[in-house]
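# Residue-level structural notes
As a plain string of letters, each chain reads:
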Amino acid sequence: ALLLYFGEEIGWRGFALPRLLQRYNAVTASLILGAAWGAFHIALNLHRPFFAALNFAFLVAISVILTWLYLRTKSVILTTVLYAVFNAWLQVFLVGEEIEKQFMVPLAITWLAAMFLIYRYGTSLSDGME
């Protein structure tokens, strides 16, 4: 699975994000990238439309967090590892029949983390480290 995530991260953070950052601030670039990433995953969850919507929102939030990490490290490998950790974390929460209800906790925590990064670092998601 890590190879699959790495393939995604090469495209999202390795290719698309640097190009978006040429035109937009980091938060806007993250939201655009997260929306594209979320839309890409909707087809995987068409049989559960509400879950697809929750996953879309989750990926937008993760996009902000991964952009922050990428800007600090310039490492697609580290963003891949963090993405894999997020997915493993979800497996702990999403068990049984009511995964949509269970998804609310990690979704809220992820959005709180993304909002904290925006609050802490502003729209650049950076403290001038670049």
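Look a little higher up for the structure.
A brief report on the enclosed structure follows. (Residues numbered from 1 in each chain as written. Predicted model: local features only at pLDDT ≥ 70, side-chain atom pairs only at ≥ 80, totals over all residues. Heavy atoms only, no water.)

## Some remarks on the overall build of the protein chain
Of the regular secondary structure elements, the protein chain holds five helices and zero strands. Along its sequence from the N terminus, the protein chain presents helices and strands in the succession α-α-α-α-α. A compact globule built from 130 residues would reach a C-alpha radius of gyration of about 14 Å, and the protein chain, at 14 Å, matches this within 12%. Taking the principal axes of its C-alpha atoms as reference, the protein chain extends roughly 45 × 30 × 20 Å. Taken across its 130 residues, the protein chain has 43% of its residues classed as buried. Here the analysis covers contacts within the protein chain between residues at least 6 apart in sequence; of these, 70% occur between residues at least 24 apart. (Helix = DSSP H or I, 4+ residues; strand = E, 2+ residues; numbered from the N terminus. Rg over C-alpha atoms; globule rule 2.2 N^0.38 Å. Buried < 20%, exposed > 50% of the residue type's maximum accessible area, 1.4 Å probe, protein only. Contact = heavy atoms within 4.5 Å.)

## Section: the pattern of salt bridges
Under the counting rule described, the total for this entry stands at four salt bridges. Across the pair Arg72 and Asp127 runs a salt bridge whose closest N-O atoms are separated by 3.7 Å. Separated by 55 residues along the polypeptide, Arg72 in helix 3 (residues 49-73) and Asp127 in the segment after helix 5 (99-121) bring together distant segments of the chain. Across the pair Lys101 and Glu98 runs a salt bridge, and its minimum N-O distance is 3.3 Å. (Salt bridge = Lys/Arg side-chain N within 4 Å of Asp/Glu carboxyl O.)

## A word on the side chain of Asn45
In this structure, Asn45 sits in the loop between helix 2 (26-42) and helix 3. On the accessibility criterion, Asn45 (12% relative accessible area) is buried. Look past the residues within four positions of Asn45 in its chain and what remains in contact with it is Phe51, Ala52 and Asn55.

## Here's the deal with the packing of aromatic side chains
Scanning all chains against the criterion turns up seven aromatic pairs. When the ring of Trp12 is compared with that of Phe40, the centres are 5.8 Å apart and the planes differ by 75°; the resulting orientation is edge-to-face. One end of the pair, Trp12, is in helix 1 (residues 2-21); the other, Phe40, is in helix 2, with 28 residues separating them in the sequence. Taking relative accessible area as the criterion, Trp12 reaches 16% and is therefore assigned buried. Where Trp37 meets Tyr83, the ring centres are 4.9 Å apart and the plane angle is 65°; that geometry is what we call edge-to-face. (Phe/Tyr/Trp six-rings, centres within 6.5 Å; stacked < 30°, edge-to-face > 60°.)

## So, the layout of surface pockets
Looking at the largest pocket, its volume works out to about 340 Å³. Along the wall of the largest pocket there are 18 residues; nearest its centre are His41, Asn45, Phe51, Asn55 and Asn87. Within the residue set of the lining of the largest pocket, elements represented by two or more residues are helix 1, helix 2, helix 3 and helix 4 (76-93). The residue inventory of the lining of the largest pocket, partitioned by class, reads ten nonpolar, six polar and two charged. (1 Å grid on protein atoms, 1.4 Å probe; cavity = no way out; pocket = protein on both sides within 12 Å on 5 of 7 lines; lining within 4 Å. Points joined across faces, edges and corners; volume = space filled by probe spheres on them. Nonpolar A, V, L, I, M, F, W, Y, C, P; charged D, E, K, R; others polar.)

## Examining the nonpolar core
Counting 32 residues, the largest nonpolar core has Leu33, Trp37, Phe58, Ile62, Leu94, Phe103 and Leu125 as its most contacted members. Taken together, the elements giving at least two residues each to this core come down to helix 1, helix 2, helix 3, helix 4 and helix 5. The dominant element in this core, judged by the number of residues it contributes, is helix 3, at eleven residues. Those residues in contact with Ile62 that lie beyond four places of it in its chain are Trp37, Phe86 and Thr110. (Core = buried A, V, L, I, M, F, W, Y, C linked by side-chain atoms within 4.5 Å.)

These figures come from the coordinates and say nothing about function on their own.
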